[in-house]
Amino acid sequence: MRLCELREKEVINLCTCKRLGCVEDLVFDLCEGCIQAIIVPEHTKFCGIFGSDCEFVIPFDCIKKIGPDIIMVEISEEKCLKGCKD
C-alpha cells in the first residue's frame, strides 16, 4: 500500500468511536525498514487558521485494522497528541 492510498482513509479511534482525521505523514525507521507511526493532524482549526498545531502520532502497533475506507486504531488520545502549543 502506498502513502497516497493511506491518506485517503479516515482514522477512527475504537476507544472513543471518534474520527481523528486522515493520515498526513509516516514515521519511518530506516534501520529496521518499517513504519513506526502514522501522523494525523488534529482538526481544531477554523478555515485552516485558528486553532492548534497538534497532531496525533499513532504507533503502528496501535493500528487494529486497515480497511478499504478507514483505519481503526486503539489509542489514548491524550498520550498520542503531540506538538500542541500552550
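Reading the values: rules and limits
- Residues numbered from 1 in each chain as written.
- Predicted model: local features only at pLDDT ≥ 70, side-chain atom pairs only at ≥ 80, totals over all residues.
- Heavy atoms only, no water.
- Helix = DSSP H or I, 4+ residues; strand = E, 2+ residues; numbered from the N terminus.
- Buried < 20%, exposed > 50% of the residue type's maximum accessible area, 1.4 Å probe, protein only.
- Contact = heavy atoms within 4.5 Å.
- Areas by Shrake-Rupley, 256 points an atom, 1.4 Å probe, with all protein chains shown as cover.
- Salt bridge = Lys/Arg side-chain N within 4 Å of Asp/Glu carboxyl O.
- Pairing = 2+ DSSP bridges.
- Core = buried A, V, L, I, M, F, W, Y, C linked by side-chain atoms within 4.5 Å.

With that out of the way, let us pick up the overall build of the chain. Across its full length, the chain holds two helices and eight strands. Start at the N end of the chain and walk to the C end: the helices and strands fall as α-β-β-β-β-β-β-β-α-β. Out of the 86 residues belonging to the chain, those deemed buried represent 28%. Contacts spanning at least 24 positions in sequence make up 38% of the contacts within the chain whose residues lie at least 6 apart. In the structure as shown, the chain presents an accessible area of about 5900 Å², 54% of it carried by carbon and sulfur atoms.

With that settled, the discussion passes to the pattern of salt bridges. Scanning the entire structure with this criterion turns up one salt bridge. Between Lys18 and Glu77 there is a salt bridge, and its shortest N-O distance comes to 3.2 Å. Of this pair, Lys18 sits in strand E2 (residues 18-22) while Glu77 sits in helix H2 (residues 77-80), and the two are 59 residues apart along the sequence.

Turning next to the sheet that holds strand E4 (residues 34-41). Backbone-to-backbone hydrogen bonds pair the strands of a sheet. The strands run either parallel or antiparallel. If you walk across this open sheet you meet the four strands as E3-E4-E5-E8, and the pairing is antiparallel. At either end of the open sheet lies a strand with only one pairing partner, and these are strand E3 (25-29) and strand E8 (81-82). In the sheet, E4 pairs with strand E5 (residues 55-59) via five bridges, with the strands oriented antiparallel. Pairing of Ile38 across the sheet is with Ile58, part of E5.

For the rest of this paragraph, the subject is the nonpolar core. Residues Val11, Leu20, Ile58 and Val73 are the most contacted members of the largest nonpolar core, which totals 14 residues. For this core, the secondary structure elements donating two or more residues are E4, E5 and strand E7 (70-73).

Turning to the pairing of strand E1 (residues 10-13), a few remarks are in order. Here E1 runs beside E2; their pairing, made up of four bridges, is antiparallel. Paired with Ile12 across the bridge in E2 is Arg19. Bridging between E1 and E7 involves four bridges; their strand directions are parallel. Bridged to Glu10 within E7 is Ile70.

Moving on, we come to the environment of Ile66. Residue placement: Ile66 occurs in strand E6 (residues 63-66). Taking the C-alpha atoms as reference points, Ile66 and Lys9, 57 residues apart in sequence, are found 8.6 Å from one another. Every residue in contact with Ile66, bar those within four places of it in the chain, is listed here: Met1, Lys9 and Ile71.

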